[in-house]
Amino acid sequence: MLNDRSQLLFKNLMGLYLNEGKPVGSTTLAKLPEIGLSSATIRNVLADLESMGLIASPHTSAGRVPTEKGYRLFVDAMLTYQPISKQTIANIQQQLSPNLNQDELLSHASKVLSGMTGLTSMVLMPNKERERLKHIDFIPLAEKRLLVVLVFNDQDVQNRIIELDTPVSSGELQQIANYLNKEFVGKPLAEAKRQLVERMQFIRQSMNELMLSVIEATDSVLGEQLEQKIPYLISGKTNLLNFQELANGDKLRALYQAFEQHSDVLKLLDKSMQARGVQIFIGGECGSELYQDFSVVTTPYEVDGDVLGVLGVIGPSRMHYERVVPKVDVTAKILSSILKK
């Protein structure tokens, strides 16, 4: 626990460092009108804060900077979040159109978040195996060309054009669609795929080659949907170049490599899936040395209480949490609302 004087100095030191990114000395703090203390008194208080592990001196006589422990205290106990303006909310809603399919919607959400915060955004994609097959349809495009339409979780629509060896009638297509909708709609994707494969031998025996080719094309679309090509989306990677403390080429190169390799980022995002509400991970709390000097702010997005994924941002620990956290939170809520509709 900090006394009033220590808390006042620590909070002002944090404010100066977040704004300027430079070590803060006692002389600088003494000039602030709200402090009203001598440089000598301030130095004593700063020494106490340093002994508590809340601040550190990067160089001799260079002033102090917050430690990870200091950031954690500031975020948990001293932060006042700024409300989101109605105009900002309207802008987010305008860019996240309900007319987009699920993957497009998540991609837009990632770009919106990185643009609003000036940081790098991350969106963990939904687990495709948990998606449910909602509807199957076939649309003839030409005599031997066919559009396969599969709807998943209402918001995610996948289309594939296939070429047939022989013409197909609308009546035959309706017959196949009726059979597939009756047998497989409402099932989780992985289960629908498994059952379709199990019944393929029966389908071969009971249907003609034309119908079989259409159903095999449907099975192929299901298989492609289950292949999680991109586990998460990253937007605004170059935004991190705007922060002086992250300008170290090796540090950013290692982080970008981690983005490509997925493992460390997925562990962090999976951890966020287990928690409700906004989570703030600072430095080592992210689970890897790669994130030293970085912070990650995440929150789940969901539909009817079912968590589908996570979105968030990564940036320097010296980020403006009071502005970033509300933007992450409101974007997730708007996204959840649109997915529900």
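Basis of the calculations
Residues numbered from 1 in each chain as written. Predicted model: local features only at pLDDT ≥ 70, side-chain atom pairs only at ≥ 80, totals over all residues. Heavy atoms only, no water. Helix = DSSP H or I, 4+ residues; strand = E, 2+ residues; numbered from the N terminus. Buried < 20%, exposed > 50% of the residue type's maximum accessible area, 1.4 Å probe, protein only. Lys, Arg positive; Asp, Glu negative; His and termini not counted. Salt bridge = Lys/Arg side-chain N within 4 Å of Asp/Glu carboxyl O. Contact = heavy atoms within 4.5 Å. Axes fitted to C-alpha atoms, helices over the stretch in contact; angles between N-to-C directions. Parallel < 35°, antiparallel > 145°, perpendicular 65-115°, else oblique. Left-handed = near helix turned anticlockwise from the far one by under 90°. Nonpolar A, V, L, I, M, F, W, Y, C, P; charged D, E, K, R; others polar. Expected span 1.5 Å × (residues − 1). Polar contact = N/O pair within 3.5 Å; in protein donor to acceptor, adjacent residues only side chain to side chain. Patch = residues over 30% accessible without salt bridge, like charges linked within 9 Å, V, L, I, M, F, W, Y side chains within 5 Å. Areas by Shrake-Rupley, 256 points an atom, 1.4 Å probe, with all protein chains shown as cover. Core = buried A, V, L, I, M, F, W, Y, C linked by side-chain atoms within 4.5 Å.

Colleague: Looking at this structure, how should I read the side chain of Lys327?
Modeller: Among the secondary structure elements, Lys327 is positioned in helix H13 (residues 321-340). Despite its burial, Lys327 pairs with no opposite charge; the closest candidate is Glu322, at 9.5 Å N-O. What Lys327 contacts, discounting residues up to four positions off in sequence, is Ile84, Leu113, Met116 and Thr117.

Colleague: Which parts of the structure should I look at to understand the packing of helix H7 (residues 170-184) against helix H8 (residues 189-198)?
Modeller: Two packed helices can be described by the angle between their axes and the distance between those axes. One can describe the packing of H7 onto H8 by two numbers: an axis separation of 10 Å at closest approach and a directional angle of 120°. Classified by the angle between their axes, H7 and H8 sit oblique to one another. For the element pair H7 and H8, the recorded crossing hand is right-handed. Packed against H7, whose contacting residues are Leu180, Glu183 and Phe184, the element H8 presents Ala192, Gln195 and Leu196 at the interface. A breakdown of the residues in the contact of H7 with H8 according to their chemical character gives 4 nonpolar, 1 polar and 1 charged.

Colleague: Can you help me understand helix H6 (residues 102-117) in this one?
Modeller: In an α-helix, one turn spans 3.6 residues, which is why side chains three or four residues apart end up on the same side. Along its 16 residues, H6 runs 23 Å from first to last C-alpha, staying within 8% of the 22 Å computed at 1.5 Å per residue. For H6, the set of buried residues is Gln102, Leu105, Leu106, Ala109, Ser110, Val112, Leu113, Ser114 and Thr117. Of the residues flanking the end of H6, it is Gly118, one or two places downstream, whose phi is positive at about 70°.

Colleague: Any chance you could explain the environment of Ser121 here in plain terms?
Modeller: Following the sequence through the fold, Ser121 ends up in strand S3 (residues 120-124). Sequence spacing of Ser121 and Gly315 is 194 residues, and the spatial spacing of their C-alpha atoms is 8.8 Å. Once you skip the residues sitting within four places of it in the chain, Ser121 turns out to touch Ser110, Lys111, Leu113, Ser114, Leu233, Ile234, Ser235, Gly312 and Val313. At a separation of 2.6 Å, a polar atom in the side chain of Ser121 contacts the main-chain carbonyl oxygen of Ser110.

Colleague: Would you explain unusual backbone geometry in this entry?
Modeller: Outside of glycine, negative phi angles account for most residues, and trans bonds account for most peptide bonds. Phi is positive for Asp293, close to 80°, though the residue is something other than glycine. Mapped onto the secondary structure, Asp293 falls in the loop between strand S8 (279-282) and strand S9 (294-303). Overall, Asp293 belongs to the partly exposed group, its relative accessible area being 34%.

Colleague: Honestly, a nonpolar patch on the surface in this entry has me stumped. Any pointers?
Modeller: Residues Ile139, Leu141 and Ile161 make up a contiguous nonpolar surface patch of roughly 250 Å² in combined accessible area. Take Leu141: it is sitting in the loop between strand S4 (133-140) and strand S5 (145-152). On the basis of relative accessibility, which here comes to 42%, the residue Leu141 falls in the partly exposed class.

Colleague: How should I be thinking about the nonpolar core in this particular structure?
Modeller: Taken as a class, soluble globular proteins show a tendency for nonpolar side chains to be buried jointly. Residues Phe10, Leu29, Val297 and Tyr321 are the most contacted members of the largest nonpolar core, which totals 74 residues. A total of 10 residues in this core trace back to one element, the largest contributor, which is H13. When near neighbours in sequence (up to four residues on either side) are disregarded, Leu29 contacts Leu9, Asn12, Leu13, Leu16, Val24, Ile35, Ile42 and Leu46. Judged by nonpolar contacts, the second largest core, of 30 residues, contains Leu146, Leu180, Leu210 and Val221.

Colleague: For this particular structure, what's the right way to read the side chain of Asn181?
Modeller: Within the fold, Asn181 resides in helix H7. Among the polar contacts listed, one links the side chain of Asn181 to the backbone oxygen of Ala177, at a separation of 2.8 Å. Contact partners of Asn181, with chain neighbours within four places excluded, come to His135 and Ile136.

Scope: geometric values only; no functional claims are made or implied.
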